[in-house]
Each structure stands twice: as structure tokens, then as C-alpha cells.
Amino acid sequence: MPIPDDVTGEEIDKDVRQELLSLPKGLAEDVARNLVMVARLIDEDPESAYGYSKVALRLASRVAAVREAAGFAAYANQKYSEALGEFRAARRMTGGVELWPVMADCERGLGRPEKALEMAGAPEVHKLDKADQVEMRLVAAGARRDMGQLDAAIVTLQSPELASNSVQPWTARLRYAYADALLAAGRESEAREWFAKAAESDKDGSTDASDRLAEMDGVEFVDALVEDEESDEGTRGETEAPVAAAEGDADADVDEEQVDVVREVVEAGVEDGDGHGDDKSDNNDNNDGDGDKS
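To start, this report covers the structure provided alongside it. None of these values were measured; they are calculated from a predicted model. (Residues numbered from 1 in each chain as written. Predicted model: local features only at pLDDT ≥ 70, side-chain atom pairs only at ≥ 80, totals over all residues. Heavy atoms only, no water.)

Things to note about the nonpolar core
One finds L20, V31, L35 and V66 to be the most contacted residues of the largest nonpolar core, which totals 48 residues. For this core, the secondary-structure elements that each account for two or more residues are α2 (25-41), α3 (46-59), α4 (64-76), α5 (80-94), α6 (100-109), α7 (113-120) and α8 (130-146). It is α2 that contributes the most residues to this core, eight residues altogether. Apart from residues lying up to four places away in sequence, V66 is in contact with V31, L35, A56, L57 and A60. In this structure, V134, A153, L157 and A179 belong to the second largest nonpolar core, which totals 21 residues. (Core = buried A, V, L, I, M, F, W, Y, C linked by side-chain atoms within 4.5 Å. Buried < 20%, exposed > 50% of the residue type's maximum accessible area, 1.4 Å probe, protein only. Helix = DSSP H or I, 4+ residues; strand = E, 2+ residues; numbered from the N terminus. Contact = heavy atoms within 4.5 Å.)

As C-alpha cells, this is what we get:
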């Protein structure tokens, strides 16, 4: 797959670059450039990111960072079975636990929420850092909702991280998930409060909390471009209407003039018709006279 000239491979994380040192220099550069493309496109064009991940995987399948990138690219394309396989391979290579939450979410994607809940209670969770523990809590709450256990999902999300007033990278998503669960349970007043809190903490637009809040308040957003087009059409219609009316008046004037002309012609024809009738009578008399002569 084509890679822009400005992508050198130096853009990748230093830890990943360290892993690639086990490869020949030229090969390491090719893998690095493909990994950069995966990271660059995974949000806006996940299908292309998946394509670049497959190239990197073909070049260096024994590098943990490559298997992890391939896993996230597959995950972004909802290829949960493939993603889970890549994450497991990466974990075997590194022995780390940081992929545990996304592996559990893959189980959800495969329709196995019970397995995700089992993973949420595993010893590996205690080894996660704070951010990954919050992520695991989100996955567990999602699994509860998959099983129709709304109240349990709400309780799962209730935590010191949710109650904290400090804003962390995970705060907006945690508050949003809590608000969404409350709304699903019919607790609209509480849901509105937490959507507002989520919107307040969502500085990078990772959720649509503002839109959900506006929807609950009955606020409708109008596309400015569509509104301008409709306004232009309305103005154009108003402009065309007088023109059409003027044309109609003009046609009316023309019709009246034509009627007057026709009336004059008809009246003149009637008068001329009387005269011609007399001439015709005279001619008949003359013809009779001629007949006598013969």
C-alpha cells in the first residue's frame, strides 16, 4: 500500500522503535512506516489502517508491537475474533496485562458478555494501572447491559473515579457511560445531570454528551448551510412571483387589445357585408338581364 513520502517511521513511539531494533535496518524502517500509517488512519479510515497493519504483520509477525497494532486495527473494524487472537499473541510475547480490558471487550463483541465479566474479576485486573482499571469497569458495565442487567451496570460504574471532581483522561467517558445507563433505566433527571457533567469534562470531544444533553432539553440544531439554501430559494421565489404577476398583467393587457382589434374588425366586416350584399343583388339583376338578351 502507498505511503506518503513525509512518513519516515521516526514518528513511532520510542518503545516500539526499540522493539524494531531486532530487525534489519531496511525492514525495520518499512515496518515503522506502516505502523505510523495505522496510527494515523485508525480513527478516520479504519479500513485503510487495517490494510497497513496486515502489511506490517506480514513483514514482522514476531514483533509484539506489530501484533498489538494489528489487533487494534482489527478491533476498529469490528473483527473481534481476529483482534482477540492478535492481542493474545502480543500478551504472550510481552507478559503484560495492559491489553486485558480490550480483550474482554472483544469477548463482548463476540457475544460472550459472561466471559467479559469473568475477566473483569480476574487477578490480572489488580495489576492494571488506574486508567486501565477504569476501562475494565466500563467493559464490565457494558457486559451487564448486554445481559439486560441495567441496575447492575449502574452500580458497576459507581466508583471513586466517577465521584471525583478532578478531570482525568477517562472522566468524560466514565460519566457518559453512567448517564447513558441511567437514561436507559428511565432515570432521566439523574441522566441529564451526568450528561452535563460529561460534557463539561469532555475537552477533546471524545463523546457526544453535549448533543445528548441538548436532545434531552428539546434543543434542535439547524444546519446553517441548509438554512441558507432555503433562504435563497425563498428569496428567489419572492423575486420570481412579481415577475410572473407582471407577465400575467402584460398578457391580460395584450388580450384586451386583441379583443378591441377583433371587435373593430367584426364591426367593420358587418358594415362591409351589407354593402357587398347589395352589390351581389345588383349583379344578379344584371345576370337576369343578360339572360333576357339571349
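Quick look at helix α11 (residues 171-184)
Compared with the 20 Å implied by 1.5 Å per residue over 14 residues, the 20 Å span of α11 between its first and last C-alpha is a close match. Here α11 lies mainly inside the structure; 10 of its 14 residues are buried. For α11, the set of buried residues is T171, A172, L174, R175, Y176, A177, Y178, A179, A181 and L182. Considering only its buried residues, α11 is in contact with α8, α9 (150-157), α10 (160-163), α12 (188-201) and α13 (209-216). At the exit of α11 stands G186, carrying a positive phi of roughly 85°. (Expected span 1.5 Å × (residues − 1).)

Structural notes on the side chain of S201
Structurally, S201 is set in helix α12. Among the residues examined, S201 registers a relative accessible area of 6% and is labelled buried. Ignoring anything within four residues of it in the chain, the contact list for S201 reads V167, T171, A172 and R175.

Focus: the pattern of salt bridges
Counted according to the given criterion, the structure contains 16 salt bridges. A salt bridge links E86 to R67, with the nearest nitrogen and oxygen atoms 2.6 Å apart. Of the two residues, E86 sits in helix α5 while R67 sits in helix α4, which places them 19 residues apart along the sequence. Note on accessibility: E86 and R67 belong to one class, buried. Across the pair D180 and R212 runs a salt bridge whose closest N-O atoms are separated by 2.9 Å. Linking D180 in helix α11 with R212 in helix α13, this pair joins segments that are 32 residues apart in sequence. Looking at R212, the relative accessible area reads 17%, which means it is buried. Linked by salt bridges that have partners in common, R88, E107 and R112 make up one network. (Salt bridge = Lys/Arg side-chain N within 4 Å of Asp/Glu carboxyl O.)

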